[in-house]
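# Descriptive structure summary
Each chain, letter by letter, is given below.
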Protein chains: 2
Amino acid sequence: MIGEIIAIGNELTSGRILNSTSYFAASHLYAAGHEIAAMATIGDEPQMIGKALRESVERADFVVVTGGLGPTNDDMTNAAVADALNLPTILYPEIFDKIKQSQSFKEMPSLEKLAWLPSGAEILKPGDKIAGYLLVYHEKPIFFLPGVPHQMRELMLDRVIPRLASWGGNNITLVKQKVFKVFGLPESMLQEMLADLEKSNQKLRIGYYPNAAEVHLSLTVRGRTHEETETQFSQGEASIRKILGCCIYSDDGDTLEAIVGRSLKEQKKTLALAESCTGGLLAHHITLIAGSSDYFLGGIVAYANRVKEEILHVRTDTLENCGAVSQETAREMALGVKKITGADLALAITGIAGPDGGSPEKPVGTVCFAVASRGTTLSFRFHFNGNRNTVQTKAAMTGLDLLRRHLHGLDFIDSGW
Amino acid sequence: MIGEIIAIGNELTSGRILNSTSYFAASHLYAAGHEIAAMATIGDEPQMIGKALRESVERADFVVVTGGLGPTNDDMTNAAVADALNLPTILYPEIFDKIKQSQSFKEMPSLEKLAWLPSGAEILKPGDKIAGYLLVYHEKPIFFLPGVPHQMRELMLDRVIPRLASWGGNNITLVKQKVFKVFGLPESMLQEMLADLEKSNQKLRIGYYPNAAEVHLSLTVRGRTHEETETQFSQGEASIRKILGCCIYSDDGDTLEAIVGRSLKEQKKTLALAESCTGGLLAHHITLIAGSSDYFLGGIVAYANRVKEEILHVRTDTLENCGAVSQETAREMALGVKKITGADLALAITGIAGPDGGSPEKPVGTVCFAVASRGTTLSFRFHFNGNRNTVQTKAAMTGLDLLRRHLHGLDFIDSGW
């Protein structure tokens, strides 16, 4: 289906807030097989809202409207709808009853406004506090969602996408979708690896969403029956998993740091880090997870060579003969931090983030890693493209991925991108 | 003036890329005194682009169009313009000459397309590689800018805002604008502090843009003469500086880490860090700056108490009697990392980022800091609101601000928000 998205609010047209809700809606609708022809952002102006709505409904198969559903005076959506589509606003007693029971109603009688909706509106989450309704106008669905991002996302995923999938009466189409997080392969290489699969099976719709150092890959299948959809989808998923192997690290939204944290906890192992070029970024990611103090002992940000020598006990010989950026130095950093913290597992990163410090043998972007565990120490050398910040991000995330691969007993990659 | 913004590109309507250029344009146009009535995002579809353009030009005083100016087949803007506004596309020989001289022309003859523009187009940066032009249609300016964010930003600030400021022949209005970065005061408190000034001088237009742990404040003054504008602006700036004092840390786009880095370099001082709850985030900010190895020796992420004791030499007594989150522990951490690294200046952070670990005396969000320099060690206790990630960000940025205040000999704040 071809849709349009309308976002409402002066906070958007004045540039006070970045409109991330339209982006979220567009990416998920696209991944579910729809096409978005246009997105509009409009201030709190009933006439302009009404005009945009009329035009969108005329052009598109469906419309998603976000924002302007709140209780304050500048929340104009319902008034604009009533006016533009010629639908009177009526009181929904089941909503008003709930509002009257709430504590906030006494201080804010204007909340009553939330119970007045265009006639014919179907509440998307009845009994819930989240505003949001569906209007069917000339047989086309118009979804009205709150502008609050997390509420909008919830209704988008739980209500809008499923309703659109089965829109059209007898002509029911089922949609199954999953997002795979892939690490260590750039978007162009992924597209190449999956090109034959896409060509040979036109039923699979694959979307690529580069996201910092990784790519999120969506697989969407649409079918006429539950069985057809499921069969197509499992075949597609199996093919993708066969091609990408353990480069897929998650299909349920998990982050690398959450997966590493969970594995450390399950295996009852503690972790320590020694970072040079990433300057604490990897430790920061590890400690984003609540409860990381259960397995993370600490880290050394060894920026100066003296810190590498005096705190991590990297040998002067190694620094002089192999250089601060070398697999040998990485090994000694990992072993050093493992020893002084007593951790079960240690990871070290040393590299050249740039823009200066490169040489023909070790250009900017060269980063060495070592993983030290009981008994074995493995070291790696990667090269990453990009500016200083990109190299730091890729290096830190690669560190996390090396930990994941170590903890799960997977093969290591050893290249860069 | 009332304007509209049109962003073009399938990468936007498919949700593959977040539209940050319209946001940037809206915020700067708003701050310069204009109003944005509507923003549209449209796929690479000449008819839809043309229709949107015609409608916007009819409604608004000016239009900004971004994207679709490139050399590939899906760059449709010029064709859509020619069609919608009935302006033939003509070859601009000065642009084509430059293209012919370029290396890439041999491999990519389609670059010629960049030299074909709607008749009457005025190149915004003649002689530069950045595409972008101005068309005047029915006396209204339409700016066409590239979709590449940094190019679009450059033209927006250097060309669009100044041209709009002096639009309208005899009716010239001058605009002067500056953005102040403010640290340590939440948006609501800032608005309260500046409320009287805003009320007493209607000529000052102040915008508030919360940005992670800080607020960016824009001051805009519009006047009829150069003198009037300058006088009003300097009076406004002086009043703001008097009220906010050294909470303003930059008016030229500098970041806290760049300012701290520059001061360390100028004062020939070295820095070391000891972080607990921020888990390396502050070290990461310091090392975002190229050349930070000149002054940053390194840091200890002391997550486990044992690391605090064994590496930083925090006394067991202190940990037991005062707790890991205390000004005393922060002091000993700062002194410890200063001693083992030999740095001139050391900062320590220890706190409760949550969601667990709080107590009535030390609720989640409690963070203690210490700054140790030659001779003196100062410690602070703050309380920050927000979730784990917000507390970590506020704490790390407050650490940077404490370093700035120390290095510049400024008063310290000691509260939180």
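Our structure is the block above this text.
Let me begin by describing the structure that accompanies this report. Per chain, the residues get numbers from 1 upward, laid out in the order the sequence is written. Following the order in which they are written, the chains are lettered starting with A and the ligands numbered starting with 1. Residue-level local features of this predicted model are given only where pLDDT is at least 70; pairs of side-chain atoms are given and counted only at 80 or more, and the full residue set underlies all totals for whole chains, interfaces and linings. Note that the side-chain values use all heavy atoms of the structure and ignore hydrogens as well as water.

Rotating chain A by 180 degrees about the axis while translating it 0.2 Å along that axis superimposes it on chain B, leaving an RMSD of 0.3 Å. Both copies of the chain, as the preceding transformation shows, are related through a two-fold rotation axis. Contacts are assigned to residue pairs that have any heavy atoms within 4.5 Å of one another. Both copies share a contact surface, since 100% of the interface residues of chain A are interface residues in chain B too. Alignment of copies: least-squares fit on C-alpha atoms of residues with pLDDT of at least 70 in both copies.

Let's shift gears to the nonpolar core. Within the largest apolar cluster, 47 residues are counted, with the highest numbers of intra-cluster contacts made by A:Ile300, A:Leu312, B:Ile300 and B:Leu312. Only DSSP runs of H or I with at least four residues qualify as helices, and only runs of E with at least two residues qualify as strands; both kinds are numbered from the N terminus onward. In terms of residues, this core owes the most to one element, helix H14 (residues 327–341) of chain A, which gives 5 residues. Among residues more than four places away in sequence, those in contact with A:Leu312 are A:Ala274, A:Ile300, A:Ala302, A:Val307, A:Glu332, A:Met333, A:Gly336, A:Val337 and A:Ile340. Residues belong to one nonpolar core when they are buried, are Ala, Val, Leu, Ile, Met, Phe, Trp, Tyr or Cys, and are joined through side-chain atoms within 4.5 Å. The cut-offs for exposure are 20% and 50% of the maximum accessible area for each residue type, with area from a 1.4 Å probe on protein chains only; residues under the lower value are buried, those over the upper are exposed, and the others partly exposed.

Time to look at unusual backbone geometry. Residue and element names in this part refer to chain A. Here Gly354 and Pro355 are connected by a cis peptide whose omega angle stands at 0 degrees. Looking at the element boundaries, Pro355 is found in the loop between strand S15 (345–351) and strand S16 (366–372). The phi torsion at His138 lies on the positive side, around 50 degrees, for a residue other than glycine. Turning to its location among the elements, His138 is positioned in the loop between strand S7 (133–137) and strand S8 (140–145). Positive phi values are uncommon outside glycine, yet Lys268 reaches one of about 50 degrees. As for its placement among the helices and strands, Lys268 is situated in the loop between helix H10 (256–266) and strand S13 (271–275).

All names here are of chain A. Whether two strands pair comes down to DSSP finding at least two bridges between them. Taken in spatial order, the 4 strands of this open sheet run S10-S11-S9-S12, and their pairing is antiparallel. Edge positions in the open sheet fall to strand S10 (204–211) and strand S12 (248–250), since each of these has one partner strand only. Averaged over all pairs of adjacent strands, the angle between their axes in this sheet comes to 35 degrees, without regard to strand direction. Pairing of strand S9 (residues 174–183) with strand S11 (residues 214–223), which is carried by 10 bridges, proceeds in the antiparallel orientation. Its bridge partner being in S11, Leu174 is matched across the sheet by Gly223. Here an angle of 0 to 180 degrees is reported between the N-to-C directions of two axes, which are lines fitted to C-alpha atoms, with helices fitted over the stretch in contact. With respect to the sheet, helix H9 (residues 226–244) is in contact with S9, S10, S11 and S12, its orientation differing from that of S9 by roughly 10 degrees. Each of S9 and S12 touches helix H15 (residues 388–408); the most contacted strand, S9, lies at about 100 degrees to it.

Attention shifts here to the environment of A:His150. By the secondary structure assignment, A:His150 is in helix H7 (residues 149–165). Each C-alpha atom, one on A:His150 and one on A:Thr21, is 9.0 Å from the other, the two residues being 129 residues apart in sequence.

Glancing now at the packing of aromatic side chains. Only rings of Phe, Tyr and Trp enter the pairing, Trp through its six-membered ring, and a pair is recorded when the two centres are within 6.5 Å. The plane angle decides the type: under 30 degrees is stacked, over 60 is edge-to-face, the rest tilted. Within this structure, the stated rule accounts for 14 aromatic pairs over all chains. Ring centres 5.4 Å apart and planes at 55 degrees place the aromatic pair A:Tyr303 and B:Phe296 in the tilted group. Residue A:Tyr303 is found in the loop between strand S14 (296–302) and helix H12 (305–310), and its partner B:Phe296 is found in strand S14 (residues 296–302); the two belong to separate chains. A relative accessible area of 13% places A:Tyr303 in the buried class. For B:Phe296, a relative accessible area of 0% translates into the label buried.

In this section: a nonpolar patch on the surface. A contiguous nonpolar surface patch, about 220 Å² in accessible area, is contributed by A:Met189, A:Met193 and A:Ile243. With respect to the helices, strands and loops of the structure, A:Met189 is situated in helix H8 (residues 187–200). Exposure above 30% relative accessible area and the absence of a salt bridge qualify a residue for a patch, where like charges join within 9 Å and nonpolar side chains (Val, Leu, Ile, Met, Phe, Trp, Tyr) within 5 Å. Exposure was quantified through the Shrake-Rupley algorithm and a 1.4 Å probe, taking into account, for residues, occlusion by the shown protein chains and nothing else. A pair is scored as a salt bridge if a Lys or Arg side-chain nitrogen falls within 4 Å of a carboxyl oxygen belonging to Asp or Glu.

Attention shifts here to H8(A). All names here are of chain A. Expected span, for any helix, means 1.5 Å times one less than how many residues it has. Compared with the 20 Å implied by 1.5 Å per residue over 14 residues, the 20 Å span of H8 between its first and last C-alpha is a close match. The quantity called bend is, for any residue, the angle between two axes fitted respectively to the seven residues ending at it and the seven beginning at it. Its axis deflected by about 45 degrees at Leu194, H8 carries its strongest bend there. Taken together, the buried positions of H8 are occupied by Leu190, Leu194 and Leu197. Contacts from the buried residues of H8 go to S9, S10, S11 and H9.

This brings us to the sheet that holds strand S2 (residues 35–42) of chain A. As a general point, the strands of a sheet are linked pairwise by backbone hydrogen bonds and lie either parallel or antiparallel. The strand order across the open sheet formed by 12 strands is S6(A)-S7(A)-S8(A)-S3(A)-S1(A)-S2(A)-S2(B)-S1(B)-S3(B)-S8(B)-S7(B)-S6(B), and the pairing between neighbours is mixed. Each edge of the open sheet carries a strand with a single partner, namely strand S6 (122–123) of chain A together with strand S6 (122–123) of chain B. Sheet contacts for helix H4 (residues 77–85) of chain A: strand S1 (2–8), strand S3 (62–66), S7 and S8 of chain A; angle to S7(A), the most-contacted strand, approximately 10 degrees. Contacts from helix H2 (residues 21–31) of chain B reach strand S1 (2–8), strand S2 (35–42) and strand S3 (62–66) of chain B within the one sheet, and its direction differs from that of S1(B) by about 165 degrees.

Buriedness for pockets is judged along seven lines, at least five of which must meet protein on both sides within 12 Å for an open set on the 1 Å grid over protein atoms alone, while cavities are sets there where a 1.4 Å probe fits but cannot get out, and lining residues have an atom within 4 Å of a point. Grid points are joined across faces, edges and corners, and a volume is the space filled by probe spheres set on the points. In the structure shown here, the tally under the stated rule is 3 cavities of 30 Å³ or more. Approximately 150 Å³ is the volume found for the largest cavity. In terms of lining residues, the largest cavity is bounded by 16 residues, among which A:Asn19, A:Ser22, A:Thr41, B:Asn19 and B:Thr41 are the most central. Elements that contribute at least two residues to the lining of the largest cavity include exactly helix H2 (21–31) and S2 of chain A together with H2 and S2 of chain B. When residue character is reported, Ala, Val, Leu, Ile, Met, Phe, Trp, Tyr, Cys and Pro are called nonpolar, Asp, Glu, Lys and Arg charged, and the others, Gly included, polar. Split by residue class, the lining of the largest cavity holds 10 nonpolar, 6 polar and no charged. Considered as a void within the structure, the second largest cavity measures approximately 40 Å³ in volume. Taken together, A:Gly68, A:Leu69, A:Gly70, A:Asp75, A:Met76, A:Thr77, A:Asn78, A:Ala79 and A:Lys113 form the lining of the second largest cavity.

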